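# Structural features, examined
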Amino acid sequence: MADKQNNLNNKSRASLENFESEVEGVSMKTLEAGLWWAKNRQKLRIILIIFLIIVAIGSWSYTLYGFGYYLLVGMNADNRMITTLVQSKTVDQNYLNQEQAKNLILSPAGYLPNADKYDLYLSITNPNSRWWAAFDYCFTRPDGEKSCGSDFILPQEKKYLISLAQSFNSAPADLSFSFTDFTWNKINNHLIADWNSYQSERLAMEINNQTFTPASANEVSEKIGLNTLSFNIANNSAYSYYEVPLTIILTSGGGQIVYLDRYTLNDFTSFASRDIQITWPGAIGDVSGINIAPDVNILDQGVYEPPQ
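Remember, predicted model here, so these are calculated numbers, not experimental data. Position numbers for residues count from 1 along each chain, tracking the sequence in the order it is written. Reporting in this predicted model follows two pLDDT cut-offs: at least 70 for local features of residues, and 80 or more for side-chain atom pairs to be given and counted; totals over whole chains, interfaces and linings ignore these cut-offs and use all residues. Note that the side-chain values use all heavy atoms of the structure and ignore hydrogens as well as water.

## Remarks on unusual backbone geometry
Of note, Gln156 is a non-glycine position whose phi angle comes to about 60 degrees, a positive value. Helix and strand assignments come from DSSP, with helices taken as H or I runs of at least 4 residues and strands as E runs of at least 2, each series counted from the N terminus. Mapping Gln156 onto the fold places it in the loop between β5 (146-153) and β6 (158-166). Categorising residues by exposure relies on relative accessible area from a 1.4 Å probe, with only protein chains included: less than 20% of the type maximum marks a residue as buried, more than 50% marks it as exposed, and the intermediate range marks it as partly exposed. Judged by its relative accessible area of 47%, Gln156 is partly exposed. The phi dihedral of Asn209 falls on the positive side, at around 55 degrees, and the residue is not glycine. Mapped onto the elements, Asn209 comes out in strand β8 (residues 205-213).

This is the structure in structure tokens:
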């Protein structure tokens, strides 16, 4: 009898455990969650409605504030700006002149005989105060023969493009000049506020004692016929350079170019001074003007030697 009662108790306990864990495939946790949702659904709906009302009130308040601020302040400011632009006749032109680069000024191309070859030249001027240019170019004869190179020009600079010892079948008369690639670069005002000071600090190179002795007056080279140009150049800047190319132009009394050359100073350190002497054969006539100018791109950080 006792065994029969124990069997009944065990079956009741098993049935209860089975009821607590699963009822027709639905767990007790799922039933509890559903019961909680049924009890709190109305409250959650009210909370959601309140949240949406708060968001709507905030959005409309911001919109109405912005619209009201524009009516009271912004509209008047816009009207004043429009009136100023309409009344000013020079705003657009001045703005364009300041923002856009002006064209370079080029002289006609010329040439000088150099033994059985030719030296080509052209003067170029940059009228812009905040723009510099890098470019490729070509001197071209009517028959298509060319002499090409690469160069640059700094703001407010006037320089000569020269191409030395070029071989042509005949004298390169009627030379034309053209850019084959050209890039304008604007100086960053935040990096270089005053271009004139920036330039003068880096190109503080002083050239003195310029003397030209023609072959006819050179007693030492009387038999060979050598012209001699001598000068002293000092780097008075705080910057040292790997290379400093010099453009050398000699002119006659009428301003006509009679000689062209390039000379490069290597490892030209800060506060260094050098005596230079250049000789070459041939008669070039009277020389009344000597123009020697450094031709280094001071905007290229690669030209500077590190401080020693």
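Still more ground to cover, so stick around.
## Quick word on the pattern of salt bridges
By definition here, a salt bridge exists when the distance from a side-chain nitrogen of Lys or Arg to a carboxyl oxygen of Asp or Glu is within 4 Å. One pass over the structure, following the stated rule, counts six salt bridges. Lys159 serves as the salt-bridge partner of Asp295, at 2.8 Å between the closest nitrogen and oxygen. Linking Asp295 in the segment after β13 (289-294) with Lys159 in strand β6, this pair joins segments that are 136 residues apart in sequence. Note that Arg202 is salt-bridged to Glu201, the shortest N-O span being 3.5 Å. The buried category is assigned to Arg202, whose relative accessible area is 12%. One continuous salt-bridge network, built from bridges that share partners, spans Asp151, Lys159, Arg262 and Asp295.

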